[in-house]
Amino acid sequence: MRATGLHLLIFLSCFSNCARNIAKDLHARNHVPITTPNGTTPNGTTPNGTTPNGTTPNGTTTGIKLADKLNRLTNFEYKATLQRALPKMTVNEIGLDLSSEVAEEGFRQGGTVSSGQIKKYFQAAQTVAKYLASNSNNLPCSKNSKECFNQIINFLVPKLWRLPVSQDDTKKILRLVDQTPESDKITVILMSLLLSPKFLLHHENLSLYDQDPQKQMERFSYRLFSAPNPSSMDLDSKQLKDPDYIRQVLKDSRDEVIAKLEQFFFDFLGTLDYQAMMQKTSTNKFTFDERIGDQLYKSVKKQLIEDFYDGKVNYHQLLTSKQFYVNKAIAPLFGLEQGTSESLAYVQVSNRTGIYSHPFFMAFTSDPDKANIISRGLFFTLRVLGLNIPAPQVNNSLPPRDKGDKQSEREIVEALTKDPSCQVCHMDINPPGFSSHRFDHIGRFRSREFGQPIDESGKINRVDIAFSNFDEMMTRLADSRQINQNFVEKLYRFYIGRPPANLKDLTEDFIAKPSDSRPQGMDYQLKDLIIRILLDA
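For clarity, every value in this text was computed on a predicted model and none was experimentally measured.

**Some thoughts on the confidence of the model for the protein**
When pLDDT is averaged along the protein, the result is 79; 75% of the residues meet or exceed 70. Contacts of residues 22-69 to residues separated by more than four positions or lying in other chains number 82 contacts, the stretch itself having pLDDT below 50.

Put into structure tokens, the structure is as follows:
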């Protein structure tokens with residue numbers, strides 16, 4: 001990798017010119033305000049809040065600002081696209097180090113690219129190019145000839161850029177190649193493809209897709225799989241509005257759709273990371289080692305994602321079920337005998353209600369040595385219910401306990417958050433935290449704390465749901481509009497990148513059973529909701 005300076009020049013040139021062209025296309029088609037990468041509008045005027053050199057008046061860097069409808073690929077989509085384009089390469093094993101993500105407007109990255117992200121993209125492109133240079137069997141050829149360069153471009157552009165190869169693009173890339181030393185020519189081709197906005201940015205929502213059948217299939221495929229259409233699947237653009245056809249596509253592509261749903265639930269719940277479980281320890285001779293974390297994750301994935309997708313359970317059943325996938329490794333967390341089999345089996349557990357009472361979630365939302373009422377309350381209010389909870393004005397962490405202190409955690413939290421300014425939020429945060437306090441820091445059921453019965457009662461005022469215990473809370477939440485509307489809205493945002501215009505009707509259909517009066521009723525079924533979202537968009 002000797003041509004580092006040239007590569008950086010390639011990136012800035014490709015990104016600036018291409019970003020400007022994409023933004024102009026958006027502006028022409030959708031009348032979206034645009035900003036060019038140097039911080040000025042196309043006619044040379046300075047947009048509000050920036051100076052001509054791309055900095056804000058106080059000197060902070062704005063990064064490369066694109067039209068609002070242009071969103072970057074998420075890290076998941078970045079890797080999925082690479083994997084689909086280069087199936088012989090195992091993307092997760094080559095050590096890509098992408099920027100940490102902050103989801104904007106529906107689990108999508110915004111259109112601003114900071115200097116730190118530019119560096120990360122540049123390093124990722126170098127990593128991929130270096131790997132391919134030493135593993136040339138991933139490419140159609142490896143000779144330093146114009147014929148080979150064209151083969152590589154024609155092979156990768158449709159897969160990486162999700163666009164047909166244009167003569168203009170090919171000429172631009174080959175001009176860069178002409179300026180490059182012999183040993184770096186293929187590397188420059190690869191990096192120019194990986195650093196182009198046509199790879200890094202979503203262009204699937206442009207209106208140019210509306211009339212072009214090929215582009216319609218590309219948009220459908222990217223929404224469904226986060227990657228270009230697999231060559232094994234022959235999508236038919238004429239049938240993309242047929243629910244039965246989409247249902248067959250979902251059936252034929254089960255594993256790929258489930259892989260994307262894993263990313264959704266990670267974003268939606270913020271907890272699907274079993275490695276964090278390895279750090280959880282118990283004073284009761286029970287340690288979350290790698291095997292326990294892995295088995296807990298598999299138990300959750302089997303029920304929450306696979307069974308839900310396959311229609312074995314619906315969302316209402318997930319929220320109220322007393323059955324869970326358990327094996328010998330995780331049986332003690334469910335209070336079951338060690339005699340459980342090695343493989344996961346669906347068993348009845350009397351002291352839990354709903355998937356969110358799973359030890360995975362209860363342990364993840366705890367401190368390493370004790371259950372955390374406020375953390376669990378935030379999990380239910382922010383994640384599960386989707387309530388708007390602002391950041392606290394004061395960081396009041398729970399005080400350390402004195403030896404021999406028998407005060408309940410509920411009493412401590414109530415005293416800590418009793419101020420009216422705290423109660424504005426904690427009147428909703430605390431109740432589900434109190435209710436889920438029946439589970440200890442690694443998710444085991446308990447009925448008493450310091451010898452006293454645990455008070456699980458409460459009321460979530462914003463959704464007007466009162467309960468005497470955790471089971472009652474989950475049963476009533478499952479019947480509420482808020483919990484279902486939040487799930488519908490978040491799934492829609494995840495697939496389409498914007499909120500639905502008809503959220504109320506979509507939620508009503510999701511909840512309702514199919515009937516003559518409501519033929520589009522989904523009875524809480526995930527696959528039906530995905531089909532409806534794809535058709536609606």
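Next, the rest of the story.
**A look at the packing of aromatic side chains**
By the definition in use, this model includes 28 aromatic pairs. Pairing Y315 with F510 gives two aromatic rings, centres 6.4 Å apart and planes at 45 degrees, and the pair type is tilted. Of the two residues, Y315 is situated in helix α12 (residues 315-320) and F510 in helix α19 (residues 503-511); the sequence distance between them amounts to 195 residues. Here Y315 matches F510 in class, with each residue buried. Through successive ring pairs, a cluster of aromatic residues spans F264, F265, F268, F308, Y315, F487, F494, Y495, F510 and Y524. A cation over a ring is seen here: K260 above F494, with NZ or CZ 5.3 Å from the ring centre.

**What about the state of the cysteines?**
Applying the stated criterion across every chain, the model contains 1 disulfide. Disulfide pairing places C141 opposite C148 at an S-S distance of 2.0 Å. Between C141 and C148 the disulfide shows an S-S torsion of about 105 degrees. By sign, it is right-handed. No disulfide involves C422; its sulfur sits 8.7 Å from that of C425, the nearest cysteine.

**Side note on helix α8 (residues 213-225)**
For the α-helix, the turn length of 3.6 residues means that residues three or four positions removed from each other point alike. For α8, with 13 residues, the first-to-last C-alpha span of 18 Å sits near the 18 Å given by 1.5 Å per residue. Burial analysis of α8 places 10 of its 13 residues in the buried class, which makes it a mostly covered element. Among the residues making up α8, those that are buried are K215, M217, E218, R219, F220, S221, Y222, R223, L224 and F225. Its buried side turned inward, α8 meets α2 (75-85), α9 (243-252), α10 (254-269), α18 (481-496) and α20 (526-536). Downstream of α8 by a residue or two, S226 has a phi angle that is positive, lying close to 60 degrees.

**With respect to unusual backbone geometry**
Its identity as a non-glycine residue notwithstanding, D464 has a phi of 55 degrees, on the positive side. When you line up the elements, D464 lands in the loop between β5 (458-460) and β6 (465-467). By relative accessible area, which is 57% here, D464 ends up exposed. One non-glycine residue, Y524, lies in positive phi territory at about 65 degrees. In this structure, Y524 sits in the loop between α19 and α20.

**Section: the packing of helix α4 (residues 146-160) against helix α6 (residues 185-194)**
The interhelical angle for the contact between α4 and α6, taken along N-to-C directions, is 20 degrees, at an axis separation of 11 Å. In terms of their interaxial angle, α4 and α6 are classed as roughly parallel. Crossing of α4 over α6 shows right-handed handedness. Of α6, the residues touching α4 (which contributes F149, I152, I153, L156, V157 and L160) are K185, I186, I189, L190, L193 and L194. Its residues assigned to classes, the contact of α4 with α6 shows 11 nonpolar, no polar and 1 charged.

**Description of the packing of α8 against α9**
Direction vectors running N to C along α8 and α9 enclose 50 degrees, while the axes themselves pass 12 Å from each other. It follows from the interaxial angle that α8 and α9 lie oblique. Both α8 and α9 take part in a crossing whose hand is right-handed. On α9, the residues touching F220, L224 and F225 of α8 are I246, V249 and L250.

**Overview of the pattern of salt bridges**
For the structure shown, the criterion picks out 23 salt bridges. Ionic pairing is found between D528 and R247, a salt bridge with its closest N-O pair at 2.7 Å. Remark: R247 occurs in helix α9 and D528 occurs in helix α20; sequence separation between them is 281 residues. A relative accessible area of 37% places R247 in the partly exposed class. The closest approach of N and O atoms between K322 and D471, which form a salt bridge, is 3.6 Å.

**Comments concerning the environment of Q485**
Structurally, Q485 can be placed in helix α18. Q485 gets classed as partly exposed once you look at its relative accessible area, which sits at 21%. Q485 has contacts with L503 and T507, leaving out every residue within four places of it along the chain.

**Some points on the environment of K79**
On the secondary structure map, K79 appears in helix α2. Spatially, the C-alpha atom of K79 lies 9.8 Å from that of L98, the residues being 19 residues apart in sequence. Other than its neighbours up to four places away in sequence, K79 contacts V91, N92, L96 and L98.

**A look at the nonpolar core**
Within the largest apolar cluster, 84 residues are counted, with the highest numbers of intra-cluster contacts made by L224, Y315, Y356, F361, F487, Y495 and I530. Excluding residues within four positions of it along the chain, Y356 makes contact with F268, L269, Y315, L319, F361, M362, F379, F380, V384 and M474. In this structure, L82, I153, L163 and F199 belong to the second largest nonpolar core, which totals 41 residues.

**Observations concerning the environment of G497**
Take G497: it is sitting in the loop between α18 and α19. For the pair formed by G497 and R223, sequence separation is 274 residues and the distance between their alpha carbons is 9.2 Å.

**Side note on α18**
A rise of 1.5 Å per residue sets the reference length of α18, with its 16 residues, at 22 Å; its end C-alpha atoms lie 22 Å apart and thus fit the reference within 8%. Across the 16 residues of α18, 12 count as buried, placing the element largely inside the fold. All of the buried residues along α18 are I483, N484, N486, F487, V488, E489, L491, Y492, R493, F494, Y495 and I496. Of the residues that open α18, the one with a side-chain oxygen 3.5 Å from the backbone nitrogen of I483 is S480. Positive backbone phi, approximately 85 degrees, marks G497, located one or two places after α18.

**A closer look at the side chain of T180**
Summarising the element assignment, T180 is placed in the loop between α5 (167-178) and α6. The buried category is assigned to T180, whose relative accessible area is 6%. Here L176 takes part through its backbone oxygen, which lies 2.7 Å from a polar atom of the side chain of T180.

Reading the values: rules and limits
- Residues numbered from 1 in each chain as written.
- Predicted model: local features only at pLDDT ≥ 70, side-chain atom pairs only at ≥ 80, totals over all residues.
- Heavy atoms only, no water.
- pLDDT = per-residue confidence, 0-100.
- Contact = heavy atoms within 4.5 Å.
- Phe/Tyr/Trp six-rings, centres within 6.5 Å; stacked < 30°, edge-to-face > 60°.
- Helix = DSSP H or I, 4+ residues; strand = E, 2+ residues; numbered from the N terminus.
- Buried < 20%, exposed > 50% of the residue type's maximum accessible area, 1.4 Å probe, protein only.
- Lys NZ or Arg CZ within 6 Å of the ring centre and 35° of its normal.
- Disulfide = S-S within 2.5 Å.
- Expected span 1.5 Å × (residues − 1).
- Axes fitted to C-alpha atoms, helices over the stretch in contact; angles between N-to-C directions.
- Parallel < 35°, antiparallel > 145°, perpendicular 65-115°, else oblique.
- Left-handed = near helix turned anticlockwise from the far one by under 90°.
- Nonpolar A, V, L, I, M, F, W, Y, C, P; charged D, E, K, R; others polar.
- Salt bridge = Lys/Arg side-chain N within 4 Å of Asp/Glu carboxyl O.
- Core = buried A, V, L, I, M, F, W, Y, C linked by side-chain atoms within 4.5 Å.
- Polar contact = N/O pair within 3.5 Å; in protein donor to acceptor, adjacent residues only side chain to side chain.

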